[in-house]
Amino acid sequence: MAMASSRLLWASRAASYLRISTFPRAFSTVLKDLKYADTHEWVKVEGDSATVGITDHAQDHLGDVVYVELPEVGSSVSQGKNFGAVESVKATSDINSPVSGEVVAVNDELDGKPGLVNASPYENGWIIKVKISDSGELNSLMDDEKYSKFCEEEDSKH
């Protein structure tokens, strides 16, 4: 019995350290240090480079993702404009870019494993990397607190 409780304590501490909830969640995961668009895309900025994906909230509403349409490397994306699509068992949804710039990488792993968008939306399920052309656009995006509130308000309408 003591062994089981020490494992539970270890698992709880590990979950806390990794910021993983050990309880069923009511709302989707929203990470700090990311910016969010009102169309449920996230962007992680490192210098003049941005990694873009869809949020946990978006993938949760879509259901199991079965296909991700990716743009070509070298193509241009514009803030708020469509650059691809995510197809799930429930629906097909456009993916809009939260920033403008040139696509410098696409996540080719999604071709064979589109479910990465569901399993790891903020890490392995990223969609594109962009060289940002206008960093001022980041000011129009939401931080984690505003995005969480936005999702709660949106969900309460449905």
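Quantities reported herein were computed from a predicted structural model and do not represent experimental measurements.

Focus: the environment of Val 103
Link 1 in the chain: Within the fold, Val 103 resides in strand S8 (residues 101-106).
Link 2 in the chain: Through-space distance from the C-alpha of Val 103 to that of Lys 131 is 6.5 Å; in sequence the pair is 28 residues apart.
Link 3 in the chain: When near neighbours in sequence (up to four residues on either side) are disregarded, Val 103 contacts Pro 71, Glu 72, Val 73, Gly 74, Ser 75, Val 77, Ile 128, Lys 129 and Val 130.

Description of helix H5 (residues 144-156)
Link 1 in the chain: Along its 13 residues, H5 runs 18 Å from first to last C-alpha, staying within 8% of the 18 Å computed at 1.5 Å per residue.
Link 2 in the chain: What H5 keeps buried is the set Asp 144, Tyr 147 and Cys 151. All buried residues of H5 project into a common sector of 60° when viewed along the axis, lining one side. Exposed and facing more than 90 degrees away from the buried side of H5 are Glu 145, Lys 146, Lys 149 and Ser 156.
Link 3 in the chain: Contacts made by the buried residues of H5 are with strand S1 (35-36) and helix H2 (56-62).
Link 4 in the chain: One side-chain oxygen of the residue at the start of H5 lies 3.2 Å from the amide nitrogen of Glu 145, identifying that residue as Asp 143.

Comments concerning the side chain of Asn 118
Link 1 in the chain: Secondary-structure assignment places Asn 118 in helix H4 (residues 116-119).
Link 2 in the chain: Of note is the side chain of Asn 118, whose polar atom sits 2.8 Å from the backbone nitrogen of Val 65.

Quick notes on the UniProt feature "modified residue: N6-lipoyllysine" (unreviewed entry) in the protein chain
Link 1 in the chain: Under the UniProt annotation, "modified residue: N6-lipoyllysine" (unreviewed entry) lies at Lys 90.
Link 2 in the chain: With respect to the secondary-structure elements, Lys 90 resides in the loop between strand S6 (82-88) and strand S7 (92-96).
Link 3 in the chain: The exposure class of Lys 90 is exposed, given its relative accessible area of 60%.
Link 4 in the chain: Excluding its chain neighbours within four sequence positions, the residues that come into contact with Lys 90 are Asp 60, His 61, Leu 62 and Gly 63.
Link 5 in the chain: For Lys 90, the side chain forms a polar contact with the main-chain oxygen of His 61, separated by 3.4 Å.

Brief notes about the environment of Val 68
Link 1 in the chain: Looking at the element boundaries, Val 68 is found in strand S4 (residues 65-69).
Link 2 in the chain: Judged by relative accessible area, Val 68 falls into the buried class, the value being 2%.
Link 3 in the chain: Sequence separation of Val 68 and Gly 84 is 16 residues, and the distance between their C-alpha atoms is 7.5 Å.
Link 4 in the chain: Other than its neighbours up to four places away in sequence, Val 68 contacts Ala 85, Ile 95, Leu 110, Pro 114, Val 117 and Ile 127.

What counts, and at which threshold
Residues numbered from 1 in each chain as written. Predicted model: local features only at pLDDT ≥ 70, side-chain atom pairs only at ≥ 80, totals over all residues. Heavy atoms only, no water. Helix = DSSP H or I, 4+ residues; strand = E, 2+ residues; numbered from the N terminus. Contact = heavy atoms within 4.5 Å. Expected span 1.5 Å × (residues − 1). Buried < 20%, exposed > 50% of the residue type's maximum accessible area, 1.4 Å probe, protein only. Arc of directions from axis to C-beta. Polar contact = N/O pair within 3.5 Å; in protein donor to acceptor, adjacent residues only side chain to side chain. UniProt positions renumbered as here; feature names shortened; annotations may be inferred.

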